[in-house]
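The lines below spell out each chain.
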Amino acid sequence: MARREPFYWVSVSCGIVVLAFILLPLVEMLTAPSSAMLKETLHDKNVVQSIWLSVYTAFAAAGISFVVGTPLAYVLARSRFRGKHLIESIIDLPIVIPHPVVGIAILGVAGRNHWLGQIMSELGIRIMGTTMGIIAVLTFVGMPFYINALKSGIEAVSPRLENVSRSLGASMWGTFARITFPLAWRSVLVGIIMCCARAISEFGAVVVVAYHPMIAPVLIYERYEAYGLKYSQPVAVWLVLVCLTLFLVLRVLALPGKKTA
Amino acid sequence: MIEIRGLRVHLGEFRLRDIDLSIEDGGFFVLMGPTGAGKTVLLEAIAGLVPVLGGSIAVGGRDITRSQPEKRGVGIMYQDYALFPHLSIEHNITFGLRYHRHDRTAARQRFGRLVDDLGIGHLLHRHPETLSGGELQRVALARALMVEPRVILLDEPLSALDPGFREDIRLLLKQLHRNSHITFFMVTHDFSEALTLATSAAVMHDGAIVQTGTVRDIFQRPTSSFVADFVGMKNILPAVFDSTTARVGELSIEVPHLHENSSGYVAIRPEDIVLSLDPLESSMRNSFVGVIRGIVDQGFLYEVHVSVRDQVFKSLVTKGSAVDLGLDIGTDVQVSFKTSAVHMF
């Protein structure tokens, strides 16, 4: 593209507008609270608990996605069968459903009026207002991101490598453990990052299922409602900082340069 | 013995129809055919990597049609070698060992012998991404042979290599085959490969086997117009070899490498022969003056017959360039072809 063309300048100016639109509010929020206020917030037990709960439930959701989603991602990446598109669309559903609706839907099956809810209550599992409920909701919204990321990762591993492994004597399990997984582990990490990121930012669905125990987004909302912007900002800053650090670490682990990729 | 009876496979757009083949134990079988004929699918069917609709495959008298790939004793080597990128060369080669009952000392000896035979001792601690095509090839061979399969399937093992390497690996394959009891089943579309290596061969077309027999048979007595067309290497000339020169009648032709025998044949595909009015300033080492004796219309192309001293060369020329060059019977032309276009057997 020639530099002097109007199209170039339009692209550049739109780019600046987009970046400013993203960065301005974030920078404003991050710099608004004084360091004294930030420090003080950190001594607030509720804040620390809520951020910990957010991180912990998000990772629990990613862990569940890892265990249950990995085999499914493999099947979707490797096999062609009737109804595959249907299954893929079902997996994508949580991405498009409005968040509060997710909460309501989960409560619908977890309540006493539903057979699943009855079984769960007999087993002593409660969803409404529990950490378990939060994890269930976060898994629901985060799982598609994990499965989709891993699926494309596995698709990038040549089936021929698996074929050769089988012909050398390895079973399907052996092949998955020694070939497919080691070659797709970066996608596993990326999937976990995506799933966690989605889970940690969830508010609408969680607030329906479990207002208490309070995850960070709910706490931020509550502080904002009760005391205003100024009191919610420090909590938000801490949540953002914790998330950024975590994701940065995972990101670095997942992408240590192209050479070993 | 590999016995394939009435094998049928449907895989996407590929259809294998009623494949019948018998290959003797320890033989070197070559499967030829154009791209898209289903050669790779047939290999994968024998290896158990694609679902079989009907028919049967038996190896050494044991029906393996429904066996798991890892229980067949059939190794496969792909055209792109498919080395495991995350493992060192050594671990690539020994990958399959743990799945086969083996005596440690014997395995170590076999490993040493393969590494020596294939000349890959200096590569063992490197990773596949740092290897050249020829090196990858040798490693892939070593990996497949390490587990001592009954049958090894080779999917166009030489096609991705530089012509120089090709001859080396071809001789290596011959030697490896001679020193083992393994049945080799190789896919190729190169006739000189087939001629030097095969004990028996088959031509495949559109998902079916259209001719089987010795390569020479297929070559000299094609049973269908497809096979005749397929084997259409038109310039086949008896030659006496001296170093990298082949004497063909009164002509001396530069050839790409030494030939193992002092006499044989050279073959040049008609599309590899370039006609021009003046000598070409190019890397083509073989260039002769000749006279056009005949022009045969072949649809989009002309087949031009040029006599050069006591020999006749057939060249394919597009109609456009034939007009541009003003080619006609009696025209003096320069006949040129690259050294690498000369096949020897």
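Look above for the structure.
Because the structure is predicted, anything quoted here is derived from the model rather than measured. (Residues numbered from 1 in each chain as written. Chains lettered and ligands numbered in written order. Predicted model: local features only at pLDDT ≥ 70, side-chain atom pairs only at ≥ 80, totals over all residues. Heavy atoms only, no water.)

### Thoughts on the overall build of chain B
Right, on to step 1. Helix and strand content of chain B: nine helices and 20 strands.
Right, on to step 2. A principal-axis box enclosing the C-alpha atoms of chain B has dimensions of 70 × 45 × 35 Å.
Right, on to step 3. By residue count, 51% of the 345 residues in chain B fall in the buried class.
Right, on to step 4. Of the contacts made within chain B by residues no fewer than 6 positions apart, 66% connect residues no fewer than 24 positions apart. (Helix = DSSP H or I, 4+ residues; strand = E, 2+ residues; numbered from the N terminus. Buried < 20%, exposed > 50% of the residue type's maximum accessible area, 1.4 Å probe, protein only. Contact = heavy atoms within 4.5 Å.)

### Focus on unusual backbone geometry
Right, on to step 1. At the junction of His212(A) and Pro213(A), the peptide bond is cis and its omega measures out at -15° in the coordinates.
Right, on to step 2. You can see Pro213(A) is positioned in the loop between helix H10 (204–209) and helix H11 (216–227).
Right, on to step 3. Of note, the phi angle at Ala82(B) is positive, near 50°, even though the residue is not glycine.
Right, on to step 4. Despite not being glycine, Glu156(B) shows a phi value in the positive range, around 40°.
Right, on to step 5. Note on placement: Glu156(B) falls in the loop between strand E7 (151–155) and helix H5 (163–178).

### What to know about H11(A)
All names here are of chain A.
Right, on to step 1. Over its 12 residues, H11 runs 16 Å from end to end, which matches the ideal 16 Å to within 8%, given 1.5 Å per residue.
Right, on to step 2. Buried residues along H11 sit against helix H3 (45–78), helix H9 (172–200), H10 and helix H12 (229–254).
Right, on to step 3. Taken from the residues just after H11, glycine 228 is the one with a positive phi, measuring 100°. (Expected span 1.5 Å × (residues − 1).)

### Focus: the side chain of Arg143(B)
Right, on to step 1. Inspection of the secondary structure assignment puts Arg143(B) in helix H4 (residues 133–146).
Right, on to step 2. From its side chain, Arg143(B) meets the backbone oxygen of Tyr81(B) in a polar contact 3.1 Å long.
Right, on to step 3. Once residues within four sequence positions are removed from consideration, Arg143(B) is found in contact with Val164(A), Leu168(A), Tyr81(B), Ala82(B), Leu83(B), Phe84(B), Asn92(B) and Ile93(B). (Polar contact = N/O pair within 3.5 Å; in protein donor to acceptor, adjacent residues only side chain to side chain.)

### A few points about the nonpolar core
Residue and element names in this part refer to chain B.
Right, on to step 1. If you look at the biggest cluster of nonpolar residues, it comprises 97 residues, and the most contacted ones within it are Leu7, Leu42, Leu153 and Phe185.
Right, on to step 2. Look past the residues within four positions of leucine 7 in its chain and what remains in contact with it is Leu16, Arg17, Asp18, Ile19, Leu42, Ala45, Val52, Gly54, Gly55 and Ile57.
Right, on to step 3. Val115, Leu136, Leu158 and Leu173 belong to the second largest nonpolar core, which has 50 residues in total. (Core = buried A, V, L, I, M, F, W, Y, C linked by side-chain atoms within 4.5 Å.)

### What to know about the interface of chain B and chain A
Right, on to step 1. With 26 residues of chain B at the contact, the number on the chain A side is 18 residues.
Right, on to step 2. When the buried surface of chain B facing chain A is broken down by residue, Glu70(B), His86(B) and Phe95(B) rank first, second and third, together holding 28% of it.
Right, on to step 3. Where chain B meets chain A, there are two salt bridges.
Right, on to step 4. When the shortest N-O distance is used, the salt bridge between Arg160(A) and Asp80(B) registers 3.5 Å. (Buried area = accessible area lost by both parts, 1.4 Å probe. Salt bridge = Lys/Arg side-chain N within 4 Å of Asp/Glu carboxyl O.)

### Some details on the side chain of Ser276(B)
Residues and elements named next belong to chain B.
Right, on to step 1. Here serine 276 lies in strand E15 (residues 274–276).
Right, on to step 2. A residue is classified by how much of its surface remains accessible, and serine 276, at 8% relative accessible area, is buried.
Right, on to step 3. With residues near it in sequence (within four places) discarded, serine 276 still touches Val333 and Gln334.

### Observations concerning helix H3 (residues 104–118) of chain B
All names here are of chain B.
Right, on to step 1. Helix length check: H3 (15 residues) gives 21 Å between terminal C-alpha atoms against 21 Å at 1.5 Å per residue, within 8%.
Right, on to step 2. Ala107, Arg110, Phe111, Leu114, Val115 and Leu118 are the residues of H3 that are buried. Within H3, the buried residues cover an arc of 130° as seen down the axis, which keeps them to one side. Of the exposed residues in H3, the ones pointing more than 90 degrees away from its buried face are Arg108, Gln109 and Asp116.
Right, on to step 3. Of the surrounding secondary structure, the elements contacted by the buried residues of H3 are helix H2 (89–93), H4 and H5.
Right, on to step 4. Two residues or fewer after H3 comes glycine 119, characterised by a positive phi angle close to 60°. (Arc of directions from axis to C-beta.)

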